[in-house]
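Fold and geometry: a report
The primary structure of each chain is shown beneath.
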Amino acid sequence: MLDMKGMREQIDLYKQKLQSRGVAAEVVDELVALDEKRRELIQTSETLKQRRNDVSSTIGEKKRAGESAEDAIAEMQEVAAEIRDLDEKLAEIEERLQEQLSWLPNLPHESVPVGEDEEDNVEVKRWGDEFIPDFSDFPNGEPKAHWDLGKDLDILDFSRGAKVASSRFLYYKGLGARLERALYNYMLDKHVDENGYREMIPPYLVNDQAMYGTGQFPKFTEDVFQVDKHPLTMISTAEIPLTNFYADEIIEETLPIYLTALSPSFRSEAGSAGRDTRGLIRLHQFNKVEMVKFSEPETSYDELEKMLVNAEEILQELKLPYRVLTLCTGDMGFSAAKTYDIEVWIPAQETYREISSCSNCEDFQARRAKIRYRNEEGNPKLVHTLNGSGLAVGRTVAAILENYQQPDGSVKIPDVLVPYMGGKTVIKEEK
């Protein structure tokens, strides 16, 4: 959530930055006016409460002196009624203010490019061009899509997933399941053993306050699966329970804190009709290894760069070609102040597809979830939160199947995964 005090004091800056994220300047004017009304009511209420205290003292003095206090009592009752009326109006305005603030996205960092959509994202890096496979000696000179490879190798079953659940669900089978498990175990080991993250197993169902704290609610309720008989939501990312680990707390541990977790992610994919209806790219349920950081404000952008490297190293060790983009203001997530997307090469589509997003949310989530730390003077301050995919496992499976496919229809196992595959070096069709 945005800082109302900051908006009031830097109204032009907030207008400029929010306009770059699609928010009209009039919205800021309305909020500032509402906040001004709130402050006026608070001041009037405090003046009346002081008057009530003064009249109460007068009543006591008159009673002790044996004098009539009827007029003073009547005045105090009248003042008390005014205070109740003001407090009701104040509560209503504060509720409206918080509700309107909760729908506003984070302010973009000064280094974020201004743009309307993904066409305005800026590529900052490419890696692994030498690992882009050549399919000239393949049948028809073309690669197979990962869903065809999965079916031919009998390791992915989308039709039975749709039968048991709905479209965009699947069964991993045999070495397909083993490959998925190998990937997330490798990713967790990498983050825990080499990158200093603390491994967690979080709840996969969370309450509305947790969803609000990380910015999913109230704006994105259509994008999630909710449990009808209970006030709980199936998580769309482990970012939600990991970030809320310290909700309503002052962190007493030394910063920065690094957390990682494997979790399923459940997404309704509202508004994505017709997009990626086949394969592993856009599922309703998928596994993801998440990275979350809690940082002091002064070092949070250094931590973002480190998190990006942590995600990149996974792809580099898998020898999967990728590129890094800085997302523009119009394509960035709701809670983010700056986001890097990593896109992996998908040969059958001849394009790069997102496999990780690494974001610094600054104090946006911390203000909503009330997460603080103590600065050098011992004063509670809002922490900065960061999150990133390290990586989306299903999309990594898709990238491996397509980039490591062989002319005979088999798929080689990346060297770094062989120990996690029980020594197996290839997935091939069983005769």
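Residues numbered from 1 in each chain as written. Predicted model: local features only at pLDDT ≥ 70, side-chain atom pairs only at ≥ 80, totals over all residues. Heavy atoms only, no water.

1. With respect to the UniProt feature "binding site: ATP" (unreviewed entry) in the protein chain
Within this structure's numbering, the places UniProt gives as "binding site: ATP" (unreviewed entry) are Arg-267, Ser-268, Glu-269, Glu-354, Ile-355, Ser-356 and Ser-357. Mapped onto the secondary structure, Glu-354 falls in strand 13 (residues 351–360). Those residues in contact with Glu-354 that sit more than four places away from it in its chain are Asp-341, Ile-342, Glu-343 and Arg-395. A polar contact is formed between the side chain of Glu-354 and the side chain of Ser-357, at a distance of 3.1 Å. Considering the arrangement of structural elements, one finds Ile-355 in strand 13. Residues contacting Ile-355, with those up to four places away along its chain left out, are Leu-315, Ile-342, Glu-343, Val-344, Ser-389, Leu-391, Ala-392, Arg-395 and Thr-396. (UniProt positions renumbered as here; feature names shortened; annotations may be inferred. Helix = DSSP H or I, 4+ residues; strand = E, 2+ residues; numbered from the N terminus. Contact = heavy atoms within 4.5 Å. Polar contact = N/O pair within 3.5 Å; in protein donor to acceptor, adjacent residues only side chain to side chain.)

2. Points about the pattern of salt bridges
Within the structure shown, the criterion is met by 26 salt bridges. Asp-154 is paired through a salt bridge with Lys-173; the nearest N and O atoms lie 2.5 Å apart. Linking Asp-154 in the loop between helix 5 (146–152) and strand 2 (156–157) with Lys-173 in the loop between strand 3 (171–172) and helix 7 (175–194), this pair joins segments that are 19 residues apart in sequence. Taking the relative accessible area as the measure of exposure, Asp-154 reaches 47% and is therefore partly exposed. Arg-374 is the salt-bridge partner of Glu-252, the closest N and O atoms lying 3.4 Å from each other. Taken together, the positions of Glu-252 in the loop between strand 8 (249–251) and strand 9 (257–266) and Arg-374 in strand 14 (residues 371–374) put the pair 122 residues apart, joining distant regions of the chain. By relative accessible area, Glu-252 is classed as exposed at 57%. Sharing partners across several salt bridges, the network here consists of Glu-123, Arg-126, Arg-323 and Glu-343. (Salt bridge = Lys/Arg side-chain N within 4 Å of Asp/Glu carboxyl O. Buried < 20%, exposed > 50% of the residue type's maximum accessible area, 1.4 Å probe, protein only.)

3. Concerning the pairing of strand 12 (residues 338–346)
For strand 12, the buried fraction is high: nine of the nine residues fall into the buried class. Here strand 11 (residues 322–326) runs beside strand 12; their pairing, made up of five bridges, is antiparallel. Each bridged residue has a counterpart across the sheet, and for Tyr-322 the counterpart in strand 12 is Val-344. Bridge count for strand 12 against strand 13 is nine bridges, and the pairing is antiparallel. When the sheet's bridge partners are listed, Trp-345 is paired in strand 13 with Tyr-352. In sequence, strand 12 turns back onto strand 13 through a hairpin of four residues, with Glu-350 there showing a positive phi of about 50°. (Pairing = 2+ DSSP bridges.)

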